[in-house]
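Now for the letters of each chain:
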Amino acid sequence: MELQTLIYLVVGATFALYLGIAFWAKAGSTGEFYIAGGGVHPVANGAATAADWMSAASFISMAGLIAFLGYDGSVYLMGWTGGYVLLAILLAPFLRKFGEYTVPDFVAKRYYSNTARVVAAVAAIFVSFTYVAGQMRGVGVVFSRFLEVPLTWGVIIGMFIVTIYAVLGGMKGITWTQVAQYCVLIVAYLIPAFAIAYTLTGNPIPHIAIGEVAPRLNQLQTDLGLDPYTGPFSNLSMLNVVCITLVLMAGTAGLPHVIVRFYTVKTVESARWSAVWALLFIGILYTVAPAVAIFARLEILQSFSQMGAGGMTELGWIQSWSQTGLIDTSGWGGDTTVRQVLGSIDRDIIVLATPELANLSNWVVGLVAAGGLAAALSTASGLMVVISSSLAHDIYGEIVNPDANDRERLFVGRVAILLGIVVAGLLGIFPPG
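Just so you know, these numbers come straight off a predicted model, no measurement behind them.

## Examining the overall build of the chain
A count of helical and extended segments in the chain gives 18 helices and zero strands. Across its three principal directions, the C-alpha atoms of the chain cover 70 × 45 × 40 Å. Burial statistics for the chain: of 433 residues in total, 58% are counted as buried. Contacts in the chain between residues at least 24 apart in sequence constitute 80% of all its contacts with a sequence separation of at least 6. With an accessible surface of roughly 17200 Å², the chain has 65% of that area assigned to carbon and sulfur atoms. The averaged location of the 23 negative side-chain charges in the chain is 12 Å from the averaged location of its 19 positive side-chain charges.

## Concerning the pattern of salt bridges
All told, the structure shown has five salt bridges when counted by the stated rule. A salt bridge links Arg117 to Asp394, with the nearest nitrogen and oxygen atoms 3.0 Å apart. A residue pair is termed long-range when its members are at least 10 positions apart, and Arg117 in helix 7 (residues 114-146) and Asp394 in helix 17 (residues 362-400) qualify at 277 residues. The exposure classification of Arg117 matches that of Asp394, with both residues buried.

## Digging into the layout of surface pockets
The space that makes up the largest pocket amounts to roughly 510 Å³. Ser55, Ala57, Trp80, Tyr131 and Gln135 are the residues nearest the centre of the largest pocket, which is lined by 22 residues in total. Among the elements of the structure, helix 4 (56-69), helix 7 and helix 10 (238-253) are those that each provide at least two residues to the lining of the largest pocket. Take the lining of the largest pocket: its biggest share by element is eight residues, from helix 7. Among the residues making up the lining of the largest pocket, the classes are represented as eleven nonpolar, nine polar and two charged.

## Topic: a nonpolar patch on the surface
On the surface, a nonpolar cluster with roughly 490 Å² of combined accessible area is contributed by Tyr71, Phe233, Met238, Val242 and Leu246. We classify Val242 as partly exposed; its relative accessible area is 43%.

## Comments concerning empty space enclosed by the protein
As enumerated under the stated definition, the model contains two cavities of 30 Å³ or more in all. Size it by volume and the largest cavity reaches roughly 50 Å³. Lining the largest cavity are Phe59, Ala188, Tyr189, Pro192, Val292, Val351, Thr354 and Val368. Listed by contribution, the elements that provide at least two residues to the lining of the largest cavity are helix 8 (151-201) and helix 16 (350-357). Per-element tally for the lining of the largest cavity: the top contributor is helix 8, with three residues. Split into classes, the residues belonging to the lining of the largest cavity amount to seven nonpolar, one polar and no charged. Estimated volume of the second largest cavity: approximately 40 Å³. Lining the second largest cavity we find Val132, Met136, Met159, Val162, Ala380, Met384, Ile421, Ala424 and Gly425. Elements that contribute at least two residues to the lining of the second largest cavity include exactly helix 7, helix 8, helix 17 and helix 18 (406-429).

## Quick word on the nonpolar core
Core analysis: the largest hydrophobic core is formed by 153 residues, its most contacted members being Phe59, Tyr84 and Trp317. Tallying contributions element by element places helix 8 first for this core, with 22 residues. Once residues within four sequence positions are removed from consideration, Tyr84 is found in contact with Thr49, Trp53, Thr252, Val258, Phe262, Ser274, Ala275, Ala278, Leu279 and Ile282.

## Things to note about the confidence of the model for the chain
Per-residue confidence for the chain gives a mean pLDDT of 88, with 100% of residues at or over 70. No element of the chain has a lower mean pLDDT than helix 2 (residues 30-35), at 75, and none a higher one than helix 9 (residues 206-223), at 94.

## A few points about the packing of helix 1 (residues 3-24) against helix 17
Where helix 1 contacts helix 17, the two axes come as close as 8 Å, and the packing angle between them is 35°. For the pair helix 1 and helix 17, the crossing hand works out as right-handed. Along the contact surface, helix 1 presents Leu3, Leu6, Ile7, Val10, Val11, Thr14, Phe15 and Tyr18, while helix 17 presents Asn362, Trp363, Val365, Gly366, Leu367, Ala369, Ala370, Leu373, Ala374 and Leu377. Class assignment of the residues belonging to the contact of helix 1 with helix 17 gives a composition of 15 nonpolar, three polar and no charged.

Cut-offs and rules
- Within any chain, residue numbers begin from 1 and follow the written order of that chain's sequence.
- Only residues with pLDDT of 70 or above have their local features reported here, since the model is predicted, and side-chain atom pairs are shown and tallied only from 80 upward, although totals for entire chains, interfaces and linings are computed over all residues.
- Where side-chain values are given, they derive from all heavy atoms of the structure, hydrogens and water being excluded.
- In this text, helices come from DSSP runs of H or I with a minimum length of four residues, and strands from runs of E with a minimum of two, each type numbered from the N-terminal end.
- For the exposure calls, accessible area comes from a 1.4 Å probe over protein chains only, and a residue counts as buried if that area is under 20% of its type's maximum, exposed if over 50%, partly exposed in between.
- Throughout, a contact is declared for two residues whenever any of their heavy atoms are within 4.5 Å.
- Residue exposure ignores everything except the shown protein chains as possible cover, and the areas themselves are Shrake-Rupley values with a 1.4 Å probe.
- In this tally, Asp and Glu contribute negative charge and Lys and Arg positive charge; neither His nor the terminal groups of the chain are included.
- Where a charge lies is defined by one atom per residue type, namely NZ (Lys), CZ (Arg), CG (Asp) and CD (Glu).
- For salt bridges, the criterion is a side-chain nitrogen of Lys or Arg within 4 Å of an Asp or Glu carboxyl oxygen.
- Put plainly, a pocket is an open set of points on a 1 Å grid over the protein atoms alone with protein on both sides within 12 Å along at least five of seven lines, a cavity is a set where a 1.4 Å probe fits but cannot get out, and a lining residue has an atom within 4 Å of a point.
- Grid points are joined across faces, edges and corners, and a volume is the space filled by probe spheres set on the points.
- Each residue receives one of three labels: charged for Asp, Glu, Lys and Arg, nonpolar for Ala, Val, Leu, Ile, Met, Phe, Trp, Tyr, Cys and Pro, and polar for the others, Gly being one of them.
- What makes a patch is a set of residues exposed beyond 30% relative accessible area and free of salt bridges, joined within 9 Å when like-charged and within 5 Å when nonpolar (Val, Leu, Ile, Met, Phe, Trp, Tyr).
- Grouping buried Ala, Val, Leu, Ile, Met, Phe, Trp, Tyr and Cys residues that are joined through side-chain atoms within 4.5 Å yields what is termed a nonpolar core.
- pLDDT measures the predictor's confidence residue by residue and takes values from 0 up to 100.
- In this analysis, axes come from line fits to C-alpha atoms, helices being fitted only over the stretch in contact, and the angle between any two N-to-C directions falls in the range 0 to 180 degrees.
- By convention the crossing between two helices is left-handed if the near helix lies anticlockwise of the far one by an angle smaller than a right angle, and right-handed if it lies clockwise.

In structure tokens form, the structure reads like this:
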């Protein structure tokens, strides 16, 4: 079957699944809309939290960053995972014990101040819009390459999908959609990794295959005049590695769309177990990401050493991605160095291009496209609930109109999601930075 047809089928099937869940899990009250009724099982909440946290950054970008930064790229593994541990141990159980709907609720009650509530709500909105801009951009990148539509239309399609299941289901619909999205994204991430590991070493387990592939990559790097890939502090100083790791930990611990997930379980103990399950589900992808990075880097450098930059322009995956503008081959020729080739490849394409780069089956390419979309859409929908709850519950329901009934609050919450998605889409199409 042709690649394009397969991609339409796989992506279309996953979108149909998400929309079906949205209609099945429609929210009927503010409790269901904001905290999914507070009765989600820890395992399901762990999977939903993992999908919520593992955004386009984790699925699409992280392995690409590690592929180009080498050992120093481990700051993202350590910072993001370490930050989640801080969140799970120091924040989540205590917020759940307090028993409110949102983080601004907690701040307002803790400091006996509606002014503090407004400050917390504005902070949550600001953080969420900053983060969601990247997710919508990721959606546009995936659509523009795999569905061959302009990036703008890719973002608009993503906005439409998120609108339906976020507006209908709120946190209830989003929770079960995110469970499905985790299953899609983790399968999409693991299958290419297993296939490439087996092709390169005869062993399908990426974690073990690294031990054989890394020395080969180091030797190839040295032959091409580059520093050994696994050598520390080639791109970042030791101080930078430590500081970036700490900053990423602090930022991760404060992610509003992840914190709110711990309100959706029944008890404090369930919140703790949700954190354990989430870390397990997250770890599955995060321990495979370095292997994907090493495999992709090896394939690129082997192509360069065998045919040079001029010959690489004939490769199918190079031609496909250069059409999107994410690989700039305009200056490639016989005298182009390996550093120039690496510098002209956008980091964000590495995971998405891996199946084509390794000549895997077309259906794997379609699966990876669906996985990238699942990662971006799951995080975008979680952020939309944070924006909605901050506007509708914390500002409208507690400040502007405290006497509003449940139906009015639910209506305002859905309108807030609609407005938020429009702004998020505009940020994705016209990113400010």
